[in-house]
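# Per-entry structural report
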Amino acid sequence: MSLRTPVVRARWCDIDRIVDLITGTLCPTALSAWLVPDEHRRRSVLAAATRIWMEHALLFGDAFLLQDGSAATVWFHRYRPIPPPPGFEDRLAAVCGEHHQRFLFLDQALAARRPVEAHNHLAFLAAPPGPDGAERATAVLAGGQRWMDTLNLPTYAEAYTPVHRELYRRHGYADRDEFPLPGGLTAHPMWRLSPYWANPLSGNSAAHWAARPATGRARNDRVTSWALH
């Protein structure tokens with residue numbers, strides 16, 4: 001199948017660019033302030049932690065950039081449990097210092113509610129603030145989503161703001177039960193079926209996708225989407 005989209009598939013040489021985009025998107029948020037309370041170190045810590053996940057995503061997923069490089073999406077293919085990045089906790093401690101336990105705590109909270117059925121996980125949507133931020137976010141999501149749909153599996157994302165919930169809804173995502181996050185934040189899980197998906201046991205209704213308890217850890221609990229917004 002040949003796809004004509006506004007995005008290009010990212011390569012290893014694009015990691016620096018995507019890390020910058022994710023960091024620029026995350027830095028102004030309340031989530032980033034909770035993860036790294038020290039505002040003087042916030043950007044460098046977030047960038048270093050993001051790099052760990054970006055390298056892992058290109059091994060166990062896909063990433064897409066707008067053709068001008070101004071926005072990106074990053075996806076994990078969760079067809080089966082994904083191993084953690086090599087030396088994950090030691091690497092995270094090395095780059096995050098005294099903040100690394102916050103990253104781990106958030107990782108656990110998100111992983112405990114992640115679907116267990118096979119899906120593609122939108123881990124990062126990076127469109128830094130700017131005059132055309134909303135348009136870039138819409139374009140990069142549409143392009144990346146079209147690629148994911150061809151894989152014939154549902155897709156999953158967490159939204160943290162009303163703006164992003166509405167963006168996902170416009171692209172066919174349905175709301176699932178929200179759950180609390182550290183720092184007084186709330187995550188809004190969202191689920192979307194591929195238009196090619198024909199599994200009668202799955203669907204965009206709550207009857208087919210009950211929220212899992214917040215206790216315990218998912219099998220592939222190390223891969224997180226803490227830097228989505």
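The written sequence of each chain sets the order in which its residues are numbered from 1. Only residues with pLDDT of 70 or above have their local features reported here, since the model is predicted, and side-chain atom pairs are shown and tallied only from 80 upward, although totals for entire chains, interfaces and linings are computed over all residues. Calculation of side-chain values draws on the structure's entire complement of heavy atoms; hydrogens and water are dropped beforehand.

## Things to note about helix α5 (residues 100-111)
Secondary structure elements are taken from DSSP: a helix is a run of H or I of four residues or more, a strand is a run of E of two residues or more, and numbering for both begins at the N terminus. To estimate the expected span of a helix, count its residues, drop one, and scale the result by 1.5 Å. With 12 residues, α5 should cover 16 Å at 1.5 Å per step; its first-to-last C-alpha distance of 17 Å lies within 8% of that length. Type-normalised accessible area, obtained with a 1.4 Å probe on protein chains alone, sets the label of each residue: buried when under 20%, exposed when over 50%, and partly exposed for intermediate values. Those residues of α5 that fall on the buried side of the exposure criterion are H100, F103, L104, L106, D107, L110 and A111. All buried residues of α5 project into a common sector of 165 degrees when viewed along the axis, lining one side. Whether two residues are in contact is decided by their heavy atoms, any of which lying within 4.5 Å being enough. Those residues of α5 that are buried are in contact with α2 (30-35), α3 (39-60), α4 (88-96), β5 (155-159), β7 (179-181) and β8 (185-192). Taken from the helix axis, the directions to the C-beta atoms give the arc we talk about.

## Things to note about the packing of α4 against α5
The contact between α4 and α5 brings their axes to 8 Å, and the two run at 135 degrees. Comparing their axes, α5 and α4 come out oblique. Between α4 and α5, the residues in contact are F88, E89, L92, A93 and C96 and H100, F103, L104 and D107, respectively. Amino acids are sorted into nonpolar (Ala, Val, Leu, Ile, Met, Phe, Trp, Tyr, Cys and Pro), charged (Asp, Glu, Lys and Arg) and polar (every other residue, Gly among them). For the contact of α4 with α5, the per-class residue count stands at six nonpolar, one polar and two charged. Axis geometry follows a simple rule: fit a line to the C-alpha atoms, using only the stretch in contact for helices, then measure angles between N-to-C directions, giving values from 0 to 180 degrees. Angles are sorted into four bins: roughly parallel if under 35 degrees, roughly antiparallel if over 145, roughly perpendicular if 65 to 115, and oblique for all others.

## A few points about the packing of aromatic side chains
In summary, the pairing rule links any two rings of Phe, Tyr or Trp, Trp by its six-membered ring, whose centres are within 6.5 Å, and it sorts them by plane angle into stacked for under 30 degrees, edge-to-face for over 60 and tilted for everything else. Under the criterion given, the structure shown has four aromatic pairs. Here the aromatic rings of W53 and F88 are separated by 4.9 Å at their centres, their planes lie at 55 degrees, and the arrangement is tilted. In this pair, W53 is assigned in helix α3 and F88 in helix α4, connecting sequence segments 35 residues apart. One exposure class covers both W53 and F88, and it is buried.

## Points about the environment of E98
Within the secondary structure, E98 is located in the loop between α4 and α5. Sequence separation between E98 and V36 is 62 residues; the distance between their C-alpha atoms is 9.2 Å. Any pair of N or O atoms that falls within 3.5 Å is considered a polar contact. Within protein, one atom must be able to donate a hydrogen and the other to accept it, and sequence-neighbouring residues count only if both atoms are side-chain atoms. In this structure the side chain of E98 is engaged in a polar contact, spanning 3.4 Å, whose partner is the side chain of R41.

## Digging into the pairing of strand β2 (residues 61-66)
β2 sits mainly inside the fold: six of its six residues count as buried. The rule for pairing is simple: two strands pair if DSSP sees at least two bridges between them. Pairing between strand β1 (residues 7-9) and β2: three bridges, direction antiparallel. Considered in β2, the bridge of V7 is made with L66. Pairing between β2 and strand β3 (residues 72-78): five bridges, direction antiparallel. Paired with A63 across the strands is V74, a residue of β3. Following β2, the chain reverses through five residues before pairing antiparallel with β3; G69 in that reversal takes a positive phi of roughly 75 degrees.

## Some points on the pairing of β8
Among the eight residues that make up β8, six are buried, leaving the element largely enclosed by the rest of the structure. With five bridges joining them, β5 and β8 adopt antiparallel strand pairing. Its bridge partner lying in β8, Y156 is registered against W191. The pairing of β7 with β8 spans three bridges and is antiparallel. Considered in β8, the bridge of P180 is made with T186. The turn linking β7 back onto β8 is made up of three residues, and G183 within it adopts a positive phi angle of 75 degrees.

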